[in-house]
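Architecture at a glance
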Amino acid sequence: MSFPFINLQNVKASSLLKALLFLVLSVSFASCGDTVDPYTFDVEGQKKLDEQTIRQYFRLNKVDTTAVVRTSSGLYYLNDVPGTGVQIKAGDEVEVHYIGKFVNNATFDSSYDRGDSFSFVVGAGQVIKGWDEGLQLMKVGEEAHLFIPSHLGYGPRGRGSVPPSAVLIFEIKAISVK
């Protein structure tokens, strides 16, 4: 077989072709790396690690843990400013402002920075599980922190700028129920 653009008799060209093929295959397989095998991922181990991470965050940032509520799912909720409006429930369309942070306090998302609030239907799966659960603990007008373990966030896959198995912290202000 003859290729007009590559002389396979030339060892340098053959080596170059092999290296190029290796690079293409490596990149192709590397792009599959964002998948997680549900049979080998240690969900319970990750939950324990997330719990330790959240508790360490509390210690390092001097969070008053007597005011923090932990739900059975592992979500932590801290009411910063009590709300005076209606209790938010599943099925409500809510409007919120929020700041999303990692445990190193780096912001990864903020509705304030975009200058636009965010609306969604609570309990409809339009947001991460931690939000669906946490907003139902809030009243309109309330400002709260949600400390969300990874299984209630983006899980072992992550999303966008959120890495896999990341514990998330959200400062949320419940503006209204529509």
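Residues numbered from 1 in each chain as written. Predicted model: local features only at pLDDT ≥ 70, side-chain atom pairs only at ≥ 80, totals over all residues. Heavy atoms only, no water.

A separate point is the overall build of the protein. Within the protein one finds 4 helices and 7 strands. Listing each helix as α and each strand as β along the protein from the N terminus yields α-α-β-β-β-β-α-β-α-β-β. Across the 178 residues of the protein, 35% fall into the buried class. Intrachain contacts of the protein at a sequence separation of at least 6 include 66% that bridge at least 24 residues. (Helix = DSSP H or I, 4+ residues; strand = E, 2+ residues; numbered from the N terminus. Buried < 20%, exposed > 50% of the residue type's maximum accessible area, 1.4 Å probe, protein only. Contact = heavy atoms within 4.5 Å.)

Our focus in this paragraph is helix α2 (residues 43-60). The terminal C-alpha atoms of α2 lie 26 Å apart, and with 18 residues this matches the ideal 26 Å at 1.5 Å per residue to within 8%. Considered for burial, the residues of α2 that qualify are Gln46, Asp50, Glu51, Ile54, Tyr57 and Phe58. Looking straight down α2, one finds that the buried residues subtend no more than 145° of arc, so they occupy a single side. Projecting away from the buried face of α2 at angles above 90 degrees are the exposed residues Lys48, Gln52, Arg59 and Leu60. Buried-residue contacts for α2 involve β1 (68-70), β2 (76-81), β6 (143-148) and β7 (168-177). Where α2 ends, the next residue or the one after it, lysine 62, has phi of about 50°, a positive value. (Expected span 1.5 Å × (residues − 1). Arc of directions from axis to C-beta.)

Within the secondary structure, aspartate 113 sits in helix α3 (residues 111-114). Overall, the relative accessible area of 66% leaves aspartate 113 in the exposed class. Between the C-alpha atom of aspartate 113 and that of tyrosine 98, which follows or precedes it by 15 residues, the distance is 9.6 Å.

Within this model, the largest pocket holds a volume of roughly 270 Å³. Lining the largest pocket are 15 residues, and of these Tyr98, Asp109, Tyr154, Arg159 and Phe170 sit closest to its centre. Classifying every residue of the lining of the largest pocket by side-chain character gives 9 nonpolar, 3 polar and 3 charged. (1 Å grid on protein atoms, 1.4 Å probe; cavity = no way out; pocket = protein on both sides within 12 Å on 5 of 7 lines; lining within 4 Å. Points joined across faces, edges and corners; volume = space filled by probe spheres on them. Nonpolar A, V, L, I, M, F, W, Y, C, P; charged D, E, K, R; others polar.)

A few words on the side chain of lysine 101. The topology assignment puts lysine 101 in strand β3 (residues 93-102). A distance of 3.2 Å separates a polar atom in the side chain of lysine 101 from a polar atom in the side chain of glutamate 171. What lysine 101 contacts, discounting residues up to four positions off in sequence, is Ala106, Thr107, Phe108, Val167, Leu168, Ile169 and Glu171. (Polar contact = N/O pair within 3.5 Å; in protein donor to acceptor, adjacent residues only side chain to side chain.)

For the structure on display, the rule yields 12 aromatic pairs. Relative to phenylalanine 147, the ring of phenylalanine 58 lies with its centre 4.9 Å away and its plane at 90°, an arrangement referred to as edge-to-face. Residue phenylalanine 58 is located in helix α2, and its partner phenylalanine 147 is located in strand β6; the two are separated by 89 residues in the primary sequence. Classification of phenylalanine 58 as buried rests on a relative accessible area of 5%. By relative accessible area, phenylalanine 147 is classed as buried at 2%. Between the aromatic rings of phenylalanine 108 and phenylalanine 170, the centroid separation amounts to 5.7 Å while the plane-to-plane angle is 80°, which identifies the pairing as edge-to-face. Linking phenylalanine 108 in strand β4 (residues 107-110) with phenylalanine 170 in strand β7, this pair joins segments that are 62 residues apart in sequence. Through pairs of rings, three or more aromatic residues link up here, namely Tyr98, Phe102, Phe108, Phe118, Phe120, Trp131 and Phe170. (Phe/Tyr/Trp six-rings, centres within 6.5 Å; stacked < 30°, edge-to-face > 60°.)

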